[in-house]
Amino acid sequence: MASRRWLYFGGFVITTVLLVGASLLGILEGLSAFSTGVPANEEFILLELLGAAAEWVVAVLALGIVALLFLTATVVSVLRSASLPRNDRLVSIVERVERRYPTLRRFGAAQRFQPTMEDRQQQLREQYVQGEISEAEFEREMAQVMDETPDEPPQSATEKNVELDDYPR
């Protein structure tokens, strides 16, 4: 995938260089139209410039569009292969945004941010090594992570609070 990214970026660089070259040649050709003399009216000056460099204007517009497409492809390629942070808080934020804007659900962003079992285990190990949780908490939390099924995402903190509030006291 990295080679495709570099191919897009190379296409962007080449078309940008061609764009600058075509722009300069268009300017030179437009200015060469004045070798016979300068028209007296300002509107005629602009028409004279555009008339002399019309093919270069079209070439610059076409190269600009191609360069923009290559730039877009490069950015999309980089973003697709970028490492996304996986975090429960981020998942809850993305889920709220998806609830507010239902059309965003088709992109499945919440699932892309959902931490994997390995991510959760690594986080627990780091918390244990740093002394943030005790050995008993570590073992209990690790067993809980191991018991989760991959198809069933863990509940966010807000969902747990709602469930606890539903029970009578």
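Coordinates for the structure precede this section.
These remarks concern the structure in this document. (Residues numbered from 1 in each chain as written. Predicted model: local features only at pLDDT ≥ 70, side-chain atom pairs only at ≥ 80, totals over all residues. Heavy atoms only, no water.)

Bringing the overall build of the chain into the picture now. A tally of regular secondary structure across the chain gives eight helices and zero strands. Of the regular secondary structure in the chain, the N- to C-terminal order runs α-α-α-α-α-α-α-α. Taken over 169 residues, the chain has a buried fraction of 17%. Considering only residue pairs separated by 6 or more positions, the chain has 59% of its internal contacts joining residues 24 or more positions apart. For the chain, the accessible area works out to roughly 13100 Å², and carbon and sulfur atoms hold 62% of it. (Helix = DSSP H or I, 4+ residues; strand = E, 2+ residues; numbered from the N terminus. Buried < 20%, exposed > 50% of the residue type's maximum accessible area, 1.4 Å probe, protein only. Contact = heavy atoms within 4.5 Å. Areas by Shrake-Rupley, 256 points an atom, 1.4 Å probe, with all protein chains shown as cover.)

On to the nonpolar core, then. In terms of nonpolar packing, the biggest core is built from five residues, these being Leu124, Ile133, Phe138, Met142 and Val145. If you tally residues by element for this core, the top one is helix α7 (residues 135-147), at three residues. Those residues in contact with Phe138, other than ones at most four positions away along the chain, are Leu124, Arg125, Tyr128 and Ile133. (Core = buried A, V, L, I, M, F, W, Y, C linked by side-chain atoms within 4.5 Å.)

Right, let's get into a nonpolar patch on the surface. There is a patch of nonpolar side chains on the surface, built from Ile93, Val97, Tyr101, Leu104 and Phe107 and spanning about 460 Å² of accessible area. Relative to the elements of secondary structure, Val97 occurs in helix α4 (residues 88-100). With a relative accessible area of 36%, Val97 lands in the partly exposed category. (Patch = residues over 30% accessible without salt bridge, like charges linked within 9 Å, V, L, I, M, F, W, Y side chains within 5 Å. Salt bridge = Lys/Arg side-chain N within 4 Å of Asp/Glu carboxyl O.)

This part covers α7. Between its terminal C-alpha atoms α7 stretches 18 Å, which fits the 18 Å expected from 13 residues at 1.5 Å a residue. Along α7, the positions that sit buried rather than exposed are Phe138, Met142 and Val145. One side of α7 carries all its buried residues, which in axial view fall inside an arc of 60°. Relative to its buried face, α7 has exposed residues pointing more than 90 degrees away, namely Ala136 and Asp147. Those residues of α7 hidden inside the fold are in contact with α6 (117-129). (Expected span 1.5 Å × (residues − 1). Arc of directions from axis to C-beta.)

The next subject is α4. If you check α4, its first and last C-alpha atoms are 18 Å apart, about what 13 residues at 1.5 Å a residue would give, namely 18 Å. Turning to α4, its buried residues number three or more, namely Val91, Ser92, Val94 and Glu98. Down the axis of α4, the buried set is contained in an arc of 165°. They therefore lie on one face. Of the exposed residues in α4, the ones pointing more than 90 degrees away from its buried face are Arg89 and Arg100.

Read these as spatial facts, not as claims about activity.
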